[in-house]
Amino acid sequence: VVEAYNSLGTFLLKEGNRADAEMAYRTGAENGFALCSYNLAEMLADDPKRWNDAEQSYRDAIAAGASGSQLRLGVRLSEQPGKELVAAAELEKAIDAGEIDADGFLRLGTVLMRMPGGGESAGAALRNAMNAGDREAINRLGILIANLPGREAQAEVSLTTATVVAPQVAHRNLGVLLA
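What you see is a predicted model, and the numbers here were worked out from it, not measured in a lab. (Residues numbered from 1 in each chain as written. Predicted model: local features only at pLDDT ≥ 70, side-chain atom pairs only at ≥ 80, totals over all residues. Heavy atoms only, no water.)

Visitor: Any details on the side chain of serine 69? Residues and values, ideally.
Guide: In this structure, serine 69 sits in helix α5 (residues 69–78). For serine 69, a relative accessible area of 0% gives the class buried. Among all residues touching serine 69, those that are not within four sequence positions of it are Tyr38, Tyr58, Ala61, Ile62 and Glu99. (Helix = DSSP H or I, 4+ residues; strand = E, 2+ residues; numbered from the N terminus. Buried < 20%, exposed > 50% of the residue type's maximum accessible area, 1.4 Å probe, protein only. Contact = heavy atoms within 4.5 Å.)

Below is the structure:
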């Protein structure tokens with residue numbers, strides 16, 4: 001019966017009825033269906049004014065054991081200005097929970113790149129993203145390396161390789177490096 005609230009919420013959301021979808025998801029979550037907390041968080045996260053509610057729903061979903069919730073919280077936090085430290089911590093938890101994927105590693109690397117002293121950890125995360133199949137990660141790794149003194153040649157190799165994998169952005173970044 002509880003799963004019906006999730007199905008109803010999903011249907012209502014697709015129909016554009018966010019208020020009733022929220023009520024259905026909340027009812028399912030209150031009755032112990034973890035996926036409702038997760039879907040409520042995803043819906044609320046799309047509205048910047050509802051971010052605090054979304055974050056709490058992600059945390060409720062994590063506590064209830066909804067698969068993928070830890071990763072999505074970290075990813076969504078990585079999109080929030082000024083939340084780099086919290087995003088990195090949540091993405092690290094996603095690694096510990098076995099929920100991380102290529103995009104999660106890419107986001108972790110990107111967040112760490114913006115943090116003072118995060119370069120080495122960012123490089124490791126970006127390499128993990130590359131190993132998991134993310135095509136953008138080699139470009140970000142090239143940018144990271146380009147910002148390290150004396151590593152321009154290594155950055156050029158990374159960015160040249162990136163032009164094959166993700167040409168649009170990598171060509172621009174390679175041009176900036178070589179200018």
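Right, picking up where we left off after that structure.
Visitor: Any details on the packing of aromatic side chains? Residues and values, ideally.
Guide: Counted under the stated rule, the structure contains 2 aromatic pairs. Judged by centre distance (6.5 Å) and plane angle (45°), the rings of tryptophan 51 and tyrosine 58 are tilted. A relative accessible area of 7% places tryptophan 51 in the buried class. A relative accessible area of 0% places tyrosine 58 in the buried class. Chaining the aromatic ring pairs together yields one cluster made of Tyr38, Trp51 and Tyr58. (Phe/Tyr/Trp six-rings, centres within 6.5 Å; stacked < 30°, edge-to-face > 60°.)

Visitor: Break down helix α9 (residues 137–146) for me, with residues and values.
Guide: Where burial is concerned, most of α9 is hidden: 7 out of the 10 residues are buried. If you check which residues of α9 are buried, you get Ala137, Ile138, Asn139, Leu141, Gly142, Leu144 and Ile145.

Visitor: I'd like a rundown of the environment of phenylalanine 33, residues and numbers included.
Guide: Note that phenylalanine 33 resides in the loop between α2 (18–30) and α3 (34–45). Linking phenylalanine 33 and glutamine 56, residues 23 residues apart in sequence, is a C-alpha distance of 15 Å. For phenylalanine 33, the contacting residues outside a window of four places in its chain are Val2, Glu3, Asn6 and Gly28.

Visitor: Now, about the packing of helix α4 (residues 51–64) against α5: what can you tell me, with residues and values included?
Guide: At their nearest, the axes of α4 and α5 sit 8 Å apart, and the two run at 155° to each other. Between α4 and α5, the angle falls in the class roughly antiparallel. For the crossing formed where α4 meets α5, the hand is left-handed. Note on element contacts: α5 touches α4 through Ser69, Gln70, Arg72, Leu73, Arg76 and Leu77, opposite Trp51, Glu55, Tyr58, Arg59, Ala61 and Ile62. (Axes fitted to C-alpha atoms, helices over the stretch in contact; angles between N-to-C directions. Parallel < 35°, antiparallel > 145°, perpendicular 65-115°, else oblique. Left-handed = near helix turned anticlockwise from the far one by under 90°.)

Visitor: Just give me the short version of the pattern of salt bridges, but keep the residues and values in it.
Guide: Applying the stated criterion across every chain, the model contains 13 salt bridges. Aspartate 53 is paired through a salt bridge with arginine 50; the nearest N and O atoms lie 2.9 Å apart. Relative accessible area serves as the criterion here: at 35%, aspartate 53 is assigned to the partly exposed category. Its relative accessible area of 23% is what places arginine 50 among the partly exposed residues. (Salt bridge = Lys/Arg side-chain N within 4 Å of Asp/Glu carboxyl O.)

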